[in-house]
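# Structural overview for review
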Amino acid sequence: MSVARTARSQGWTAWLPMLPPASAVGLRASRPANALFVLPFVCVYALLLLWPLAKGMLISLHDHDLLSNDSFYIGLDNYRQLASDEVFQQVMWNTLKFVALSTPVFVLLALGLALALNRPGRLGAWLRATFFAASVFSVTIVTLVWKLALMPERGLVAQLLAALGLPEVAWLSSDVLALPTVVLVTVWWIIGLPMILFLSALQQIPVDIYEAAALDNTSRWRTLTRITLPSLRRTIVLVAVIEMLRQFQVFPQIMLMTNGGPNNSTRPIVQFIYEQAFMQLSLGYATAASQLLLAVMLIGVSAQLWLEREGRVQR
Amino acid sequence: MAALKLEGLSKRYGAVQVISELSLDVEDGEFLVFLGPSGCGKTSLLRMVAGLEEVSGGRILIGGRDVTQAAPGQRELAMVFQHYALYPHMTVRDNLAFGLRNVGLAESEIARRITESARMLELAALLDRKPGQLSGGQRQRVAIGRAVVKEPGLFLFDEPLSNLDAALRGRTRLELAQLHRRLGATMIFVTHDQLEAMTLATRIVVMNGGAIEQLATPAEVYRRPATRFVAGFIGTPGMNFITVRRLADEAGWAVLELPGGQVLRSQVRAASLPIEAQLSLGLRPEHLRPAADGPLRGSVELVEFLGERTLAHLKLADGSPLTITLNGEQPRPGATLTVAADLAEAHLFDASGRAHHAQSATAGQERQS
């Protein structure tokens, strides 16, 4: 302590307040110099996250032209304009629909696959690898494959339907079907991650609990509903939150498969932001839309976590 | 009440034979302990009885009913697991009730049984807590409670005390003994701890390499071990083994030459021994004492003071170790000690490991039984 004091009185830490002597062993009293240890992280965090966030909020209050870089403060005008923009309302609705359609499918299907494939042996391992493999493909390849498969008349699906004597379906050119079709492709593409999350959670459940349940005369259904699912509750919430956040930001596969059509029926909010910023060059307007997307995502995730906690308290 | 009968039970994992052709009868109300080192097959055996492990051959009968192929829940038994295996998301009350609800027992009866077992095991204050909020000892009591509420004829315990600290282990051991007396049910208990086995069991099954070495009361296992393995496994410190050479018999008793050249007339009948020159003389430390005219002579290597007694670890002339129990005397390391043996408690082991007991020990045992 005496050495530290000498150094402090003479060196660069001389400005620090004098602290009561702390024990020579164990934890010392907290002091401002400790902040130096977290400074590198705080710097990066501030530079890459807090600064852009604040800057984005600021830009959203301006009429900012990306080409001339002219910027005028216009208050909340961008938000007012968004509220009355029919295209924005449409893309917001499309995005919400996409999230509402895809998130439950991700949770339920991934859970079902994990339950079915959580078994030893080669077949299980092969199937697990197969379901996960699609996640590795780039979006370009996945959309290309599916566009070929869904092609009218000559596509694989059309031919299958024809062979079965069923009428042709306008998968990507119908206002009603296009969005669910993109949901289907998205699920096919990235079901691997949530499935792996569920599999790892399943393997964390101790085997002896199942053995105790077997000795307790537990039927398979009750084992699933009373033992397995309660043990997976945290993972279910995790997967729901992750998928919701991912699907709110859906964009590339829609851009490549339908480019937002037909009649804007699949255009998501990120595509709207992209087009406003880099095609219309109105950065302020695009940034305001981004802020709204962030707000919606925060509300959605908070609601989910709150519901989960309420459920836990009631149980 | 269910008695358990195992007939020629075998267990193989692939090419590895873990248990081969094991047969066993367990009486009603017995507290039977499977004792053996790790990997001797005792847990596999218990799990086969529970139905958690498939049987490779043979039959299991509980109360006369063949349950070899029956599901675990259909065997009318309850099991307490080593790591408790409580349902983590259920309260203690639900943990106890779960199995009873599964078989459709009336709620009033479930409540009665939970109240009764909670009183017996002092769980009443814990009923609304979840396992994560309990200490190890409390969890263990809940696990036992979950078995008790089922009111089974047969209880299985898989090393239930191994995760508790020493003090709690001693207390829980007593509680288990009381529980057995109160319920009068048949209990089978797996452990590698001989103290648990000796204190709890009405009979001990000493297992080694997937086979039964000896099935007897704790006293008999200690005093008349059937094999050299049992003799070495039971008792702390373990039995001393001294390699001896057999000389010509004297009046029907086997005569032995000790490593130091001294000759000893044993109390083992020569007729019962196989014709072998090399035998192993087994002597427990408490049957050895310092004596000026003793036939064994060694230097003191280490002295351990244990409170009520002292252990002295000696090295005999041929280098083999010998542990003796002392009362009072405290020899210094390096000193030479001559030791006499109580030959009435000595055992001889032949090359196959089979034990041959001193006659008086046999007589003592016969008087007891």
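Look up: the structure comes first, before these words.
## Examining helix α4 (residues 136-148) of chain B
Between its first and last C-alpha atoms α4(B) spans 18 Å; for 13 residues at 1.5 Å apiece the expected length is 18 Å, and the two agree. Of all 13 residues in α4(B), 10 are buried; the element is thus mostly enclosed. Turning to α4(B), its buried residues are B:Gly137, B:Gln140, B:Arg141, B:Val142, B:Ala143, B:Ile144, B:Gly145, B:Arg146, B:Ala147 and B:Val148. Packed against the buried residues of α4(B) are α10 (207-215) of chain A together with β6 (77-80), α2 (92-102), α3 (107-120), β7 (154-158) and α5 (166-183) of chain B.

## A word on the packing of aromatic side chains
For any pair of aromatic rings, the description consists of the separation of the ring centres together with the inter-plane angle of the planes. Applying the stated criterion to the full structure yields 12 aromatic pairs over all chains. Both rings, one in A:Phe88 and one in A:Phe272, keep their centres 5.4 Å apart while their planes meet at 55 degrees; by these two values the pair is tilted. Taken together, the positions of A:Phe88 in helix α4 (residues 86-117) and A:Phe272 in helix α14 (residues 269-278) put the pair 184 residues apart, joining distant regions of the chain. Taken individually, A:Phe88 and A:Phe272 each receive the classification buried, so the pair is uniform in this respect. Here the aromatic rings of B:Tyr87 and B:Phe98 are separated by 5.0 Å at their centres, their planes lie at 70 degrees, and the arrangement is edge-to-face. Here the residue B:Tyr87 occupies a position in the loop between β6 and α2, and B:Phe98 occupies one in helix α2, the gap between them amounting to 11 residues. Of the two residues, B:Tyr87 and B:Phe98, neither departs from the other in class, the shared state being buried.

## Focus: the pattern of salt bridges
Residues and elements named next belong to chain B. Taken as a whole and assessed by the stated rule, the structure comprises 26 salt bridges over all chains. Where Glu 175 meets Arg 171, a salt bridge forms, and the shortest distance between an N and an O atom there is 3.0 Å. On the criterion of helical spacing, the pair formed by Glu 175 and Arg 171 is a turn pair, its members being 4 residues apart in helix α5. Residue classification places Arg 171 among the partly exposed residues on the basis of a relative accessible area of 42%. Within this structure, Glu 109, Arg 112, Arg 113, Glu 116 and Glu 151 form a network of salt bridges that share partners.

## Regarding the sheet that holds strand β14 (residues 278-283) of chain B
Residue and element names in this part refer to chain B. Across the sheet, which stays open at both edges, the 6 strands sit in the order β13-β12-β11-β14-β20-β21 with antiparallel pairing between neighbours. The sheet is open, and its two borders are formed by β13 (263-269) and β21 (355-357), each paired with just one other strand. Across this sheet, the average inter-strand angle for adjacent strands is 40 degrees, counted without regard to direction. Relative to strand β20 (residues 347-349), β14 runs antiparallel, the two sharing 3 bridges. The residue bridging Ser 280 from the neighbouring strand is Phe 349, located in β20.

## Overview of the interface of chain B and chain A
Taken residue by residue, the interface counts 23 residues in chain B and 15 residues in chain A. Surface buried jointly by chain B and chain A totals about 1700 Å² across both partners, of which 56% is contributed by carbon and sulfur atoms. Where chain B touches chain A, the interface holds 2 salt bridges. Linking B:Arg47 and A:Glu211 is a salt bridge whose minimum nitrogen-to-oxygen distance equals 2.6 Å. Taken together, the connections running from chain B to chain A amount to 13 residue pairs in polar contact (both at pLDDT 80 or more). The greatest single-element share of the side of chain B that touches chain A, amounting to 4 residues, is contributed by α2(B). Looking at the side of chain B that touches chain A, its residues break down into 13 nonpolar, 6 polar and 4 charged.

## Topic: the packing of α10(A) against helix α11 (residues 220-231) of chain A
All names here are of chain A. Two elements in contact, α10 and α11, have axes whose closest approach is 11 Å; the angle formed by their N-to-C orientations is 145 degrees. Of the two elements, α10 crosses α11, and the hand of that crossing is right-handed. In this structure, α10 contributes Ile 209, Tyr 210 and Ala 213 to the contact, and α11 contributes Thr 223, Ile 227 and Thr 228. When the residues that make up the contact of α10 with α11 are grouped by side-chain class, the tally is 4 nonpolar, 2 polar and no charged.

## Remarks on unusual backbone geometry
Residue and element names in this part refer to chain B. In this structure, Pro 237 follows Thr 236 across a cis peptide bond, with omega equal to -5 degrees. Within the fold, Pro 237 resides in the loop between α8 (228-233) and β11 (240-250). Positive phi, normally seen in glycine, also occurs at Glu 21, with a value near 50 degrees. Its location among the elements puts Glu 21 in strand β2 (residues 16-26). Positive phi values are uncommon outside glycine, yet Glu 76 reaches one of about 55 degrees. Inspection of the secondary structure assignment puts Glu 76 in the loop between β5 (65-66) and β6.

## Concerning a nonpolar patch on the surface
A surface patch of nonpolar side chains, amounting to about 920 Å² of accessible area, comprises A:Leu36, A:Phe37, A:Val38, A:Leu39, A:Phe41, A:Val42, A:Tyr45, A:Leu49 and A:Leu50. In this structure, A:Phe37 sits in helix α2 (residues 35-59).

## Section: the sheet that holds strand β8 (residues 186-191) of chain B
All names here are of chain B. Pairing in this open sheet of 6 strands is mixed, and the strands run β6-β7-β8-β3-β9-β10 from one edge to the other. Single-partner strands in this sheet number two, and they are β6 and β10 (211-216). For this sheet, the mean angle separating the axes of adjacent strands, direction not counted, is 15 degrees. Running over the sheet, helix α1 (residues 42-50) touches β3 (31-35), β6, β7, β8 and β9 (203-208) and is turned about 145 degrees from β7.

## A look at helix α7 (residues 156-163) of chain A
Residue and element names in this part refer to chain A. Of all the positions in α7, only Val 157, Ala 158 and Leu 161 are classed as buried. The buried residues of α7 occupy one face: seen down the axis, they fall within an arc of 100 degrees. Exposed residues on α7 whose side chains face more than 90 degrees from its buried face are Leu 156, Leu 160, Ala 162 and Ala 163. On its buried face, α7 sits against α6 (139-149). Immediately downstream of α7, the backbone of Gly 165 shows phi near 75 degrees, a positive value.

Reading the values: the criteria
- The written sequence of each chain sets the order in which its residues are numbered from 1.
- For naming, the first written chain is A and the first written ligand is 1, with later ones following in the order written.
- Where totals are concerned, whole chains, interfaces and linings use all residues; where local detail is concerned, this predicted model gives features only for residues with pLDDT of at least 70, and gives and counts side-chain atom pairs only at 80 or more.
- Water and hydrogen atoms play no part in the side-chain values, which are based on all heavy atoms of the structure.
- Only DSSP runs of H or I reaching four residues or more are called helices, and only runs of E reaching two or more are called strands; each is numbered from the N terminus.
- Given the number of residues in a helix, its expected span is that number minus one, multiplied by 1.5 Å.
- The buried label goes to any residue with under 20% of its type's maximum accessible area, the exposed label to any with over 50%, and the partly exposed label to all in between, with areas taken from a 1.4 Å probe on protein chains only.
- Only heavy atoms matter for contacts: two residues are in contact if any of them lie within 4.5 Å across the pair.
- Aromatic pairs are defined between Phe, Tyr and Trp rings, using the six-membered ring for Trp, whenever the two ring centres lie within 6.5 Å; interplanar angles under 30 degrees are classed as stacked, those over 60 as edge-to-face, and all others as tilted.
- Throughout this description, the term salt bridge denotes a Lys or Arg side-chain nitrogen within 4 Å of a carboxyl oxygen of Asp or Glu.
- Whether two strands pair depends on DSSP finding at least two bridges between them.
- For helices, the fitted line uses only the C-alpha atoms of the stretch in contact; every axis is such a line through C-alpha atoms, and the angle between N-to-C directions lies from 0 to 180 degrees.
- Buried area is calculated as the accessible area (1.4 Å probe) missing from two parts once they are joined, with the contributions of both summed.
- A 3.5 Å cut-off defines polar contacts: any pair of N or O atoms within that distance qualifies, except that in protein one atom must be a possible hydrogen donor and the other a possible acceptor, and neighbouring residues in sequence count only when both atoms are side-chain atoms.
- When residue character is reported, Ala, Val, Leu, Ile, Met, Phe, Trp, Tyr, Cys and Pro are called nonpolar, Asp, Glu, Lys and Arg charged, and the others, Gly included, polar.
- In this scheme, a crossing is called left-handed if the near helix is turned counterclockwise away from the far one by less than a right angle; it is called right-handed if the turn is clockwise.
- Each patch is built from residues that are more than 30% exposed by relative accessible area and take part in no salt bridge. Like charges join if they lie within 9 Å; nonpolar side chains (Val, Leu, Ile, Met, Phe, Trp, Tyr) join within 5 Å.
- Reported accessibility uses the Shrake-Rupley method at a 1.4 Å probe radius. Residues are deemed covered only where the shown protein chains occlude them.
- Here, the arc refers to the directions that run from the helix axis to the C-beta atoms.

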